[in-house]
Number of protein chains: 2
Amino acid sequence: MRFLHTADWHIGKKIHGFDLLEEQKDAFQQILQIAKAEKVDAIVIAGDLYDRSVPAVEAIEVFNQMVIEMNLQEKFPVLAISGNHDSSTRLETGGPWFVQSDFYLHTRLDQAFQPIEMKNTQFFLLPYFEPISARLYFENDEIRTIEQAMNEVVKEMKTHFDLDKKQVLVSHFFVAGSEKTDSETKLMVGGLDTVPLSVLNAFDYVALGHLHGKNALKAEQAKYSGSPLKFSLSEIDQKKGVWIVDTENQKPLLEFKEIHPLRDIIQIEGSFTDLISPAFYESIRKEDFLHVKLTDRAVIPNMMNQLRQIYPRIIGVERLYGREEHNENKTVKTELKTLAPKQLVEQFFSEVTGEELTAQQQDWIKENLAEIHQIERGK
Amino acid sequence: MRFLHTADWHIGKKIHGFDLLEEQKDAFQQILQIAKAEKVDAIVIAGDLYDRSVPAVEAIEVFNQMVIEMNLQEKFPVLAISGNHDSSTRLETGGPWFVQSDFYLHTRLDQAFQPIEMKNTQFFLLPYFEPISARLYFENDEIRTIEQAMNEVVKEMKTHFDLDKKQVLVSHFFVAGSEKTDSETKLMVGGLDTVPLSVLNAFDYVALGHLHGKNALKAEQAKYSGSPLKFSLSEIDQKKGVWIVDTENQKPLLEFKEIHPLRDIIQIEGSFTDLISPAFYESIRKEDFLHVKLTDRAVIPNMMNQLRQIYPRIIGVERLYGREEHNENKTVKTELKTLAPKQLVEQFFSEVTGEELTAQQQDWIKENLAEIHQIERGK
């Protein structure tokens, strides 16, 4: 059995307001090309198909088209689970029809105990779940953590093991010792949501989703595939892609196949004068999602607008050496109460934008504050 | 070809805050029983499967279970369209897989021109659409109304007619001359959304959805099935059910099969003393959805609470002969500005509930107004 392992598609996700659907469609086409080139027998998606429990209509259209292409047109069997970002019920619609074309989409805990057998391998598709579901399923009130739940889950799975076959677990959780990045969901504090690696020993391979870096977990037979795209600045140095897993040998063979994004997340660094000079911007992919590191300290009027005319997808600006200030920030903050309304607006504007108000903006504020004042006095 | 025609399921609808899922599941079971007893070859659902474009998770669970039972378990072919209450994109998910088991769910205009042939009949499944969709589909900027659009739609459908077969149109709109009830969506003013009956002459039968009464349209070969349940007081005298349509003869044979609701919408009338007497309430189905017609004119303290203890599903109370008033309403309204806060609250309460404040409620208001007054003065 040879399969492709991917996860965390997060269809519909935006970064800093920028839609990623074009990038996601492109990454999907690469996944499909890899699947064909590698002649895999199935595509495994380990949860977080959508970014939100109620995806936008545009996200649904894109995702529907992907599964149609993958499963109905290219005839790949698909083995998928819901992740913590998905609404299991919303995702479930159509499930009983999907199986007619070998598209297995498990969204409920009880489905995890119906292994899907393909060639020499049994796949256990375990959707993301909360301890309460395990408490109800096992009728065991003592299950309080995911670790306790997983002990029971694996115990029950083992009763379905066919020892002439390999066993692969597809799941979506945080394995103890993994490293997180900023784009993953905030996880619970206190380790209640982590699963020790030892629980997963029973399987020949564990195809994980949840963390967005392929190296988040240092283990031989349990891997995060990572997301197909970078979703935050903290993932800037990660290679993105999918695992090709072959279970024909004693130990599964793994190979990582890279995905090259339509538009990458990159950082650029320089003075404002550098950044707006053609010599600089013509040497880089200025259509990428850009984090800007500015070396200037001076206030630059209308900076963001000028940068955006050259770089349409700025996701952040950082002043490497700080910004020249008229006042010390800390002192100012304690004095906020004593500032006049106009000064408050000026200060807020400059803190948020890193710029000073223009004369026109100052006039506008003056007029509006006067109007508000009149309304307050009951005019 | 013998089929069952239903529409306007509105799964997830509430009336006056009361969930109808139990009633909807029960009505569905009756529809299924009718389909089996009548040995139909297919079930036609003419739109408004859900009540909202983004249905609640509970509604999705109920609807999913219904189609699984109807199509996968009982093996009925299903021919359905999206209505104006459905989100066509959200409903579309799974569509390409559904056809493998003869479940045809059309949500886009272009699908209307792919007739589904069963036995001696061609079904044209035309989802609810806006004129803009027809403008784009036909690349004709002059299409501004549904009538104009339907002329083009029918013309194109006719090119697919197999004259050895019967033609049935399944659609969801307002046919000129039909009668509306309160539970239907507010329709556009000015007739832009109405379709003349003559446009529909090309078909042997038109299975309509949108209006909730089976007799909304007086035409022989074009029928609204009506909703399976009453959704408003204005439907109180309607018989609800489904049409059984047989196209084997020259003219289609029609028979209406009634659905009996788990809980009906009924009206009760009497004095308050009558209504709370066991002799009265034991003689009626007090679990039904009740509209109460009260003959008293006197103010009755705590009336709603007392009635609700006996009748858990009151959807409205009407004073048949008005209510005794201390002041003339009209005069009062112009004087609202001169009332003290406590009087304002009293008046509002009595207008909304039809009751006077109890002594305890009066005390509570006094205390709270004092507190608000203190806050206003900056305490």
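Just so you know, the residues in each chain are numbered from 1, in the order the chain's sequence is written. Here every chain gets a letter starting at A, and every ligand a number starting at 1, in the order they are written. Local features in a predicted model are, by the rule used here, given only for residues with pLDDT of at least 70; side-chain atom pairs are given and counted only at 80 or more, and totals for whole chains, interfaces and linings are based on all residues. Side-chain calculation: all heavy atoms of the structure are included, whereas hydrogens and water are not.

### Points about the relation of the copies chain A and chain B
The cut-off we apply is this: Copies are brought into register by a least-squares superposition over C-alpha atoms of residues with pLDDT of at least 70 in both. In what follows, a contact means two residues having at least one pair of non-hydrogen atoms within 4.5 Å.
Of the transformation placing chain A onto chain B, the axial shift is 0.1 Å and the rotation is 180°, giving an RMSD of 0.2 Å. Viewed as a symmetry operation, the transformation between the two copies matches a two-fold axis. Relative to the rotation axis, the closest C-alpha in chain A is found at Gly94 of chain A, a distance of 2.3 Å. A symmetric contact is evident, with 100% of the interface residues of chain A recurring at the interface of chain B.

### Section: the interface of chain A and chain B
Defined as follows: Buried area adds together the accessible area that both of two parts lose upon being put together, with accessible area traced by a 1.4 Å probe. Salt bridges are counted wherever a side-chain nitrogen of Lys or Arg sits within 4 Å of a carboxyl oxygen of Asp or Glu. Polar contact is defined as a pair of N or O atoms within 3.5 Å, subject to the rule that within protein one atom must be able to donate a hydrogen and the other to accept it, and that residues adjacent in sequence are counted only when both atoms are side-chain atoms. Helix and strand assignments follow DSSP, with helices taken as H or I runs no shorter than four residues and strands as E runs no shorter than two, numbered in order from the N terminus. Amino acid classes used here: Ala, Val, Leu, Ile, Met, Phe, Trp, Tyr, Cys and Pro are nonpolar; Asp, Glu, Lys and Arg are charged; the rest, including Gly, are polar.
In this assembly, 23 residues from chain A lie in contact with 23 residues from chain B. Contact between chain A and chain B buries roughly 1,900 Å² in total, counting both sides, with carbon and sulfur atoms accounting for 66%. One can count zero salt bridges joining chain A with chain B. In this assembly, chain A and chain B are joined by eight residue pairs in polar contact (both at pLDDT 80 or more). Of all the secondary-structure elements, those providing two or more residues to the side of chain A that touches chain B are helix H2 (57–73), helix H3 (88–92) and helix H4 (95–98) of chain A. Sort the elements by how many residues they give to the side of chain A that touches chain B and H2 of chain A lands first, with eight residues. For the side of chain A that touches chain B, the residue count by class is 12 nonpolar, eight polar and three charged.

### Regarding the nonpolar core
To be explicit about the condition: Grouping buried Ala, Val, Leu, Ile, Met, Phe, Trp, Tyr and Cys residues that are joined through side-chain atoms within 4.5 Å yields what is termed a nonpolar core. Accessible area is worked out with a 1.4 Å probe on protein chains only. A residue is then buried under 20% of its type maximum, exposed over 50%, and partly exposed in between.
If you look at the biggest cluster of nonpolar residues, it comprises 84 residues, and the most contacted ones within it are Met70 of chain A together with Met70 of chain B. Once you skip the residues sitting within four places of it in the chain, Met70 of chain A turns out to touch Trp9, Phe28, Leu32, Ile43, Ile45, Lys75, Phe76 and Val78 of chain A.

### Here we look at H2 of chain A
Under the convention used in this document: To estimate the expected span of a helix, count its residues, drop one, and scale the result by 1.5 Å.
Between its terminal C-alpha atoms H2 of chain A stretches 22 Å, which fits the 24 Å expected from 17 residues at 1.5 Å a residue. Where H2 of chain A is buried, its residues meet helix H1 (21–37), strand S4 (42–46), strand S5 (78–81) and strand S6 (103–106) of chain A together with helix H3 (88–92) and helix H4 (95–98) of chain B. Immediately downstream of H2 of chain A, the backbone of Lys75 of chain A shows phi near 60°, a positive value.

### Quick word on the pairing of strand S1 (residues 2–6) of chain B
All names here are of chain B. Definition in use: Two strands are counted as paired when DSSP detects at least two bridges linking them.
Burial within S1 is extensive, with four of its five residues counted as buried. With four bridges joining them, S1 and strand S14 (residues 241–246) adopt antiparallel strand pairing. Following the sheet pairing, Arg2 is matched in S14 by Asp246. By the bridge criterion, four bridges tie S1 to strand S4 (residues 42–46) in an arrangement that is parallel. If you follow Leu4 over to S4, its bridge partner there is Ile43.

### Structural notes on unusual backbone geometry
Even without glycine at this site, Asp102 of chain A takes up a positive phi of about 55°. Inspection of the secondary structure puts Asp102 of chain A in the loop between H4 and S6. Using a relative accessible area of 32% as the deciding quantity, one classes Asp102 of chain A as partly exposed. With phi around 60°, Asn302 of chain B is a residue other than glycine that occupies positive phi space. Structurally, Asn302 of chain B can be placed in the loop between strand S17 (289–294) and helix H9 (303–310). By relative accessible area, which is 37% here, Asn302 of chain B ends up partly exposed.

### Quick word on the packing of aromatic side chains
Residue and element names in this part refer to chain A. We count it as follows: Stacked, edge-to-face and tilted labels apply to pairs of Phe, Tyr and Trp rings (six-membered ring for Trp) whose centres lie within 6.5 Å, assigned for plane angles under 30 degrees, over 60, and everything in between, in that order. Whether a charge sits over a ring depends on NZ of Lys or CZ of Arg being within 6 Å of the ring centre and within 35 degrees of the ring normal.
A complete count under the given rule lists 32 aromatic pairs over all chains for this structure. For the ring pair Phe124 and Phe203, a centre distance of 6.2 Å and an interplane angle of 65° mean the geometry is edge-to-face. With a gap of 79 residues between them, Phe124 in strand S8 (residues 121–125) and Phe203 in the loop between strand S11 (194–195) and strand S12 (205–209) connect regions that are remote in the sequence. Each member of the pair, Phe124 as well as Phe203, is classed as buried. In textbook terms, an aromatic cluster arises when at least three aromatic residues are bridged by ring pairs, as seen for Phe3, Phe123 and Tyr205. Lying over the aromatic face of Phe231, Lys13 brings its terminal NZ or CZ to 5.7 Å of the ring centre. Geometry around Phe256 places Lys214 over its ring, the cationic atom sitting 4.7 Å from the centre.

### Here we look at the domain arrangement of chain A
Residue and element names in this part refer to chain A. For clarity, the threshold we go by: What marks off one domain from the next here is an automatic or database domain assignment.
As assigned here, chain A comprises domain 1 (2–258), domain 2 (264–324) and domain 3 (332–379). Each partner contributes to the interface: domain 2 provides eight residues, whereas domain 3 provides six residues. Between domain 2 and domain 3, roughly 440 Å² of surface is buried when both sides are summed, and carbon and sulfur atoms account for 43% of that area. The interface formed by domain 2 and domain 3 contains zero salt bridges.

### Examining the sheet that holds strand S16 (residues 265–270) of chain A
Residues and elements named next belong to chain A. Definition in use: Orientation is described by axes fitted as lines to C-alpha atoms, over the contacting stretch for helices, and by angles from 0 to 180 degrees between their N-to-C directions.
If you trace the three strands from one edge of the open sheet to the other, you get S16-S17-S18, paired in parallel fashion. Pairing within the sheet leaves two strands with one partner each, and these edge strands are S16 and strand S18 (314–319). Between one strand axis and the next, the sheet turns by 15° as a mean value, whatever way the strands run. Here six bridges tie S16 to strand S17 (residues 289–294), and the two strands are oriented parallel to one another. Note that in S17 the partner of Ile266 across the bridge is Leu290.

### Regarding the pattern of salt bridges
All names here are of chain A. Counted by the stated rule, this structure contains 38 salt bridges over all chains. A salt bridge links Asp246 to Arg2; its shortest N-O distance comes to 3.3 Å. Residue Asp246 is located in strand S14 (residues 241–246), and its partner Arg2 is located in strand S1 (residues 2–6); the two are separated by 244 residues in the primary sequence. Several salt bridges share partner residues, and in doing so they unite Arg2, Glu38, Asp246, Glu255 and Lys257 into one network.

### Some words on helix H2 (residues 57–73) of chain B
Inspection of H2 of chain B places Ala59, Ile60, Val62, Phe63, Asn64, Met66, Val67, Ile68, Glu69, Met70 and Asn71 of chain B among the buried residues, and these make up the whole buried set. Close packing links the buried residues of H2 of chain B with H3 and H4 of chain A together with helix H1 (21–37), S4, strand S5 (78–81) and strand S6 (103–106) of chain B.

### Observations concerning the environment of Lys342 of chain B
Residues and elements named next belong to chain B. Counting through the fold element by element, Lys342 comes out in helix H11 (residues 341–353). Judged by its relative accessible area of 23%, Lys342 is partly exposed. Spatially, the C-alpha atom of Lys342 lies 72 Å from that of Glu248, the residues being 94 residues apart in sequence. If we ignore the near neighbours within four places in the chain, the residues touching Lys342 are Gln362, Ile365, Lys366 and Leu369.

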